[in-house]
Amino acid sequence: MRQKFMNFMRGRYGVDKLSNTLLWIAFALMMLNLFVRKDIFYFLGIILLIYTYYRMFSRNIVKRSRENEWYLNKTYRIRMRILKSKDRAKLRKTHHIYKCPDCGQKVKVPRGRGKIEVTCPKCSMKFVRRS
């Protein structure tokens, strides 16, 4: 069975970031329909689902790749902001982040060291902070 599916998908585009996003939006619209009871959300979800499967089974790989590249370029800032916030959340467990009072540069200081003198790497100003 798996081999048959692999043969069927040979030469087809498959799943990418845009397809994943469209699937999640379709799922969210269908779930919203359960609470709001407006059929438009259900129909929009179904239309998105059909378009997503059309993209996945398409043999026009170049066009689907361009669509995905366009989507990735348009959402780059949002994705990077989310990635940075995840990194900052991990970092908060082990470090403090302070801004230099002179130039505004962010300085990372390890937690649990008591009062320490921090030197800004950009302007070399020294300031005291509690870690």
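Before reading on, note that the structure itself is shown above.
In short, a report on the structure. None of the values given here were measured: they were computed from a predicted structure.

### Comments concerning the pattern of salt bridges
All chains considered together, the criterion is met by three salt bridges. A salt bridge links E67 to R55, with the shortest nitrogen-to-oxygen separation between them at 2.8 Å. One end of the pair, E67, is in helix α4 (residues 61-74); the other, R55, is in helix α3 (residues 39-57), and 12 residues separate them in sequence. Judged on exposure class, the residue E67 and its partner R55 are both buried. A salt bridge links R64 to E67; its shortest N-O distance comes to 3.0 Å. Placement of the pair is R64 and E67 together in helix α4, with a separation of three residues, close to one helical turn. Both residues of the pair, R64 and E67, count as buried. Through salt bridges with shared partners, a single ionic network connects D16, R55, R64 and E67.

### So, a nonpolar patch on the surface
On the surface, W24, F27, M31, L32, L34, F35 and V36 cluster together into a nonpolar patch covering about 740 Å² of accessible area. Within the element layout of this structure, L34 appears in helix α2 (residues 17-36).

### Side note on the environment of N33
Relative to the elements of secondary structure, N33 occurs in helix α2. As for N33 and L91, which are separated by 58 residues in sequence, their C-alpha atoms are 39 Å apart. For N33, the contacting residues outside a window of four places in its chain are K38, D39, F41 and Y42.

### Structural notes on the side chain of S58
Along the polypeptide, S58 turns up in the loop between α3 and α4. We classify S58 as buried; its relative accessible area is 8%. At 2.8 Å, the side chain of S58 forms a polar contact with the side chain of R64.

Rules used throughout
Residues numbered from 1 in each chain as written. Predicted model: local features only at pLDDT ≥ 70, side-chain atom pairs only at ≥ 80, totals over all residues. Heavy atoms only, no water. Salt bridge = Lys/Arg side-chain N within 4 Å of Asp/Glu carboxyl O. Helix = DSSP H or I, 4+ residues; strand = E, 2+ residues; numbered from the N terminus. Buried < 20%, exposed > 50% of the residue type's maximum accessible area, 1.4 Å probe, protein only. Patch = residues over 30% accessible without salt bridge, like charges linked within 9 Å, V, L, I, M, F, W, Y side chains within 5 Å. Areas by Shrake-Rupley, 256 points an atom, 1.4 Å probe, with all protein chains shown as cover. Contact = heavy atoms within 4.5 Å. Polar contact = N/O pair within 3.5 Å; in protein donor to acceptor, adjacent residues only side chain to side chain.

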